[in-house]
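# Chains, contacts and geometry: an overview
Here is what each chain is made of, one letter per residue.
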Amino acid sequence: MAALAASSLSGALALLNAAQNPVSPGAGAPATPPAPSPAWIEIPRPVELFRLEAPELGKETRSYEARRRRTGSGRQDILAFGGVNGSGPFLRLTLYQLGAERAPDAAFYVDLARRAAEIGRAITRAAQPTALPTRFGGFEAADLTLMRSDSSQTACLGFRSANGTGKLRITGFACNGADGSLPLATSKPALACLLDRIELAPAAENAEVIALFAARELNGDTACAERAPEPTPLRGGRFDEAQFDAAQGAALGKSARKIR
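Residues numbered from 1 in each chain as written. Predicted model: local features only at pLDDT ≥ 70, side-chain atom pairs only at ≥ 80, totals over all residues. Heavy atoms only, no water.

Looking now at the overall build of the protein chain. Of regular secondary structure, the protein chain possesses five helices and 11 strands. The buried share of the protein chain, reckoned over its 260 residues, is 37%. Sequence separation of at least 24 residues holds for 59% of the intrachain contacts in the protein chain that already meet a minimum separation of 6. Summed over its atoms, the accessible surface of the protein chain is roughly 14,800 Å², and 56% of this surface lies on carbon and sulfur atoms. (Helix = DSSP H or I, 4+ residues; strand = E, 2+ residues; numbered from the N terminus. Buried < 20%, exposed > 50% of the residue type's maximum accessible area, 1.4 Å probe, protein only. Contact = heavy atoms within 4.5 Å. Areas by Shrake-Rupley, 256 points an atom, 1.4 Å probe, with all protein chains shown as cover.)

So, in structure tokens, the structure goes:
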């Protein structure tokens, strides 16, 4: 009997203590760590650093986005033509100017799979990439299929610049429309022509990128079937390299004045 009374008293005291010192929900549980900050920060109303003008893009909806790397100050500019989320054909270009951040080169499919995920797509089939010469240097390109979340699939050309250690990396997709309409670049030579037409906008300030654009004026090795303008030849048929040096020097001088 005494033991029963002691037990009842102990229970009553426990209930009284609980009432006077309520335990808040979640007390004792480990704190949830804060979500990591995003690696990229969107730039509202960005100043355009690159341009692409071509007759075959004239009727397509155009958009321009840019974002800055949280660490390292790298910048990505994204040009899109056509409805990425619609049923028509589209072209999407990502131009990545590397800053001080570490950005190791990745395999072709890994690189493009990341870019596809940015627009809610997954690569379901891909051919072996082949070399695609352009006036910016070598690219890799492959026929592949992108699938949306609704399981609809689109035939595309995926591509990227082959120089993974350069200061400007270009990746993207040129895709058929889901309604069967043709892509904005119907073949690899047509894609090379589009890439050759990328231009720097006057606001560009990166000296290395400016030099890259200046250097392409002497590069005639491209898969584009269109005839590109050539520098004025000297006697003996040699290109006027001094003309190129002067153009490059003027571009770099412009960059230095802007930076100051």
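Next comes the rest of the description.
This part covers the layout of surface pockets. The space that makes up the largest pocket amounts to roughly 400 Å³. Sorting elements by how many residues they give to the lining of the largest pocket places helix α2 (residues 108–118) first, with four residues. Of the residues belonging to the lining of the largest pocket, the class tally is six nonpolar, six polar and 11 charged. (1 Å grid on protein atoms, 1.4 Å probe; cavity = no way out; pocket = protein on both sides within 12 Å on 5 of 7 lines; lining within 4 Å. Points joined across faces, edges and corners; volume = space filled by probe spheres on them. Nonpolar A, V, L, I, M, F, W, Y, C, P; charged D, E, K, R; others polar.)

Here we take up the pairing of strand β9 (residues 153–161). With seven of nine residues buried, β9 lies mostly within the body of the structure. Across nine bridges, the pairing between strand β8 (residues 137–147) and β9 is antiparallel. The residue of β9 that forms the bridge with M147 is Q153. Hairpin connection, β8 to β9: the antiparallel pair is bridged by five residues, and S151 has positive phi, about 75°. The pairing of β9 with strand β10 (residues 168–175) spans five bridges and is classified as antiparallel. Bridging from a neighbouring strand, C156 pairs with C175 of β10. (Pairing = 2+ DSSP bridges.)

The subject of this paragraph is the state of the cysteines. For the structure on display, the rule yields two disulfides. A sulfur-sulfur distance of 2.0 Å marks the disulfide that ties C156 to C175. In this structure, the disulfide formed by C156 and C175 twists by about 105° around the S-S bond and is classed as right-handed. With C156 in strand β9 and C175 in strand β10, the pair connects residues that are 19 residues apart, well separated along the chain. (Disulfide = S-S within 2.5 Å.)

Attention shifts here to the environment of T94. Along the chain, the position of T94 falls in strand β5 (residues 90–97). Spatially, the C-alpha atom of T94 lies 6.6 Å from that of L79, the residues being 15 residues apart in sequence. Those residues in contact with T94, other than ones at most four positions away along the chain, are Q76, D77, I78, R115, R169, I170 and T171.

This next bit is on the nonpolar core. As a rule of thumb, soluble globular proteins bury nonpolar side chains together. In terms of nonpolar packing, the biggest core is built from 29 residues, with F50, L79, L93, L95, F159, L195 and I198 touching the most fellow members. The set of elements that each furnish at least two residues to this core consists of β2 (50–52), β4 (75–82), β5, β8, β9, β10, α3 (188–196) and α4 (207–215). No other element matches α3, which puts five residues into this core. If you look at the next biggest cluster of nonpolar residues, it comprises 11 residues, including F90, L112, I119 and L144. (Core = buried A, V, L, I, M, F, W, Y, C linked by side-chain atoms within 4.5 Å.)

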